[in-house]
Amino acid sequence: MNPSSLYQSLQRPARIGLIVGVVALLAVTAAVLWWVMSPREQLLFGNMKERDAAEVVASLTEWKVPHSITEGGTAITVPADAVYETRMRLVSAGIPRGGHVGFELFDDSDFGVTEFAQRVNYQRALQGEIERTIAALPGVISARVHLTIRRPGLFADQRDDSKASVALALEPGQNLTRNQINGVRSLVAASVEGLAPHQVSVLNSDGALLAGATADAMADTDLQAQAEEDLRMENRLKARIVDLLGQVLHNEEFRVSVEATLNFDAVREVNERPLPQGGDGNGLLANRRVSHTAGTDGAQNQNQEESSYVHGTARQEIARAPGRIENLSVAVILPPQLDESEVERIRTLVAAVAGINELRGDRLAVSRLGRDQRWDESRNAIHDLPAVSGGAAAEPARAATATHAGHASWLRWALLAGGGALFGALVILATQRRPKRLSARERDAVLARMRGWLAEGGTP
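Quick caveat: nothing in here was measured; it's all calculated off a predicted structure. (Residues numbered from 1 in each chain as written. Predicted model: local features only at pLDDT ≥ 70, side-chain atom pairs only at ≥ 80, totals over all residues. Heavy atoms only, no water.)

Draft legend 1. Expanded view of the overall build of the protein. Within the protein, the secondary structure is distributed over 11 helices and 14 strands. Of all 460 residues assigned to the protein, the portion counted as buried reaches 22%. Accessible surface for the protein amounts to roughly 33,000 Å². Of this, 56% is attributable to carbon and sulfur atoms. (Helix = DSSP H or I, 4+ residues; strand = E, 2+ residues; numbered from the N terminus. Buried < 20%, exposed > 50% of the residue type's maximum accessible area, 1.4 Å probe, protein only. Areas by Shrake-Rupley, 256 points an atom, 1.4 Å probe, with all protein chains shown as cover.)

Draft legend 2. Quick look at the sheet that holds strand β13 (residues 324-334). In spatial order, the strands read β8-β13-β14; together these three strands make up an open sheet with mixed pairing. With partners counted over all chains shown, the strands left at the sheet margins are β8 (255-263) and β14 (363-368), one partner each. Across the sheet, the mean angle separating the axes of adjacent strands is 5° when strand polarity is ignored. Where β13 lies against β14, six bridges are found, and the strand directions are parallel. (Pairing = 2+ DSSP bridges. Axes fitted to C-alpha atoms, helices over the stretch in contact; angles between N-to-C directions.)

Draft legend 3. Examining a nonpolar patch on the surface more closely. Side chains of Val28, Val32, Trp34, Trp35, Val36 and Met37 sit close together on the surface and give an oily, nonpolar patch of about 720 Å² of accessible area. Among the secondary structure elements, Val32 is positioned in helix α2 (residues 12-37). (Patch = residues over 30% accessible without salt bridge, like charges linked within 9 Å, V, L, I, M, F, W, Y side chains within 5 Å. Salt bridge = Lys/Arg side-chain N within 4 Å of Asp/Glu carboxyl O.)

Draft legend 4. View of the sheet that holds strand β4 (residues 140-148). Taken together, four strands build an open sheet; the order of strands is β4-β5-β6-β7 and the sheet is mixed. Edge positions in the sheet fall to β4 and β7 (209-211), since each has one partner strand and no second. The sheet shows a mean angle of 25° between the axes of neighbouring strands, taken without regard to direction. With two bridges joining them, strand β6 (residues 200-203) and β7 adopt antiparallel strand pairing. Its bridge partner being in β7, Val202 is matched across the sheet by Ala211. The sheet contacts of helix α5 (residues 115-135) involve β4 and β5 (163-170), and relative to β4 the element is tilted by about 150°. Most of the contacts of helix α6 (residues 178-191) go to β7, to which it runs at about 75°, and overall it touches β4, β5, β6 and β7. (Contact = heavy atoms within 4.5 Å.)

Draft legend 5. How the structure looks around the pairing of β13. As defined by bridge partners, β8 adjoins β13 across nine bridges and the pair is classed as antiparallel. Opposite Val258, over in β13, you have Val330 as the bridge partner. Between β13 and its parallel partner β14, the chain crosses via helix α8 (residues 340-354), and the hand of that crossover is right-handed. (Right-handed = clockwise from strand over helix to strand, strands pointing away.)

Draft legend 6. Looking closely at the confidence of the model for the protein. Mean pLDDT for the protein: 75, with 71% of residues reaching 70 or above. Below pLDDT 50 for its whole length, residues 372-405 participates in 23 contacts with residues either more than four positions away or in separate chains. (pLDDT = per-residue confidence, 0-100.)

Draft legend 7. Representation of the pattern of salt bridges. Counted by the stated rule, this structure contains seven salt bridges. Arg132 is paired through a salt bridge with Glu129; the nearest N and O atoms lie 3.6 Å apart. Here Arg132 and its partner Glu129 are both found in helix α5, three residues apart, which amounts to about one turn of the helix. Its relative accessible area of 25% is what places Arg132 among the partly exposed residues. With a shortest N-O distance of 3.6 Å, Arg144 and Glu131 are connected by a salt bridge. One end of the pair, Arg144, is in strand β4; the other, Glu131, is in helix α5, with 13 residues separating them in the sequence. Note on Glu131: relative accessible area 7%, which makes it buried.

As structure tokens, this is what we get:
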């Protein structure tokens, strides 16, 4: 059959469908050919900052490497067959540099540069290298470092200490811990000659002073560090007590509170005492002098003796490190169903675990307390019993508790079964097919068939 005659034999909807199908087939074929013939590109760098992306694009343009900028300027793609070569070439060139100028500033040395310009370039390079290192820390977006490096003066007493300031741009919701701040200060201090860690000031994204070089800031830093050490000691002791009580009690049945006071005073004691020496213990004879005086007019001669002794001494120096425990306060709340003997044993164990020393002024309080909202109705009877209820009085309470728990469990399962049965019945009723209602014409047709069937004698 001729295609033209075939097309003419089709109805109008079929003709439209044929035309649409041919056009769609041609479009898909063109798209596939374009996809096959177009060069493959692969991600070179992604999630970049604008200044880093601009530096990479400038280098690729200079090297005449085809590239595309995607994801709003934060990603760069290059042909797939050149992605690794281009990446290695950029890394070897130190690109991207993160917007900081490091020691590559001295790659192109100029012999005509003055000594002052060389010092300025060295300070710029050192600042850039420190900024790169700090910006590589987790949670830090960027960093700016300013150095004031000391210079030797004409006189020996004219010596100023080096100083530094660090401004950090942190990611949203990120905060540096005290250890991280101290690490940044130590890093900067170790990179600059004559710079002490306490001379480094650190600011966060909001301009708040995290660590400063002033006396007040140093005092606040020390107080905060001492408070953190107190908290760590309290948490450590509390964890040990909770682990001990958790062996015999449930965690929701007891509460533990620990308050520790640490002494951060560095004390140095020096004790000296004389050592007994010599036969009589008065010391060793160091010098003896005897002088004779002749008498006149029949007087007798006089002898004078002078002796000097050396005494030995014993010297003892004791240095007490800061951070020792000055006193402890431990409070433990136990469930009210425990008897006095059990409470006393728990008191002894807690005192041993926490290291309670009464001579030091430590305090330990262990009490049986209960709150109505913390205990269910099955334990209300136990609250009415005396404190010592470890004998026959506790057995009926335990039996009533078990009976009540069994009834509650049976009622819960019965309600779940009833709800499931009701839900199943509703699903069955909803899924049943309702009889189809006939129209007037269909009813007339059915009646005509029935009349014909009756007229034929009731045989189909």
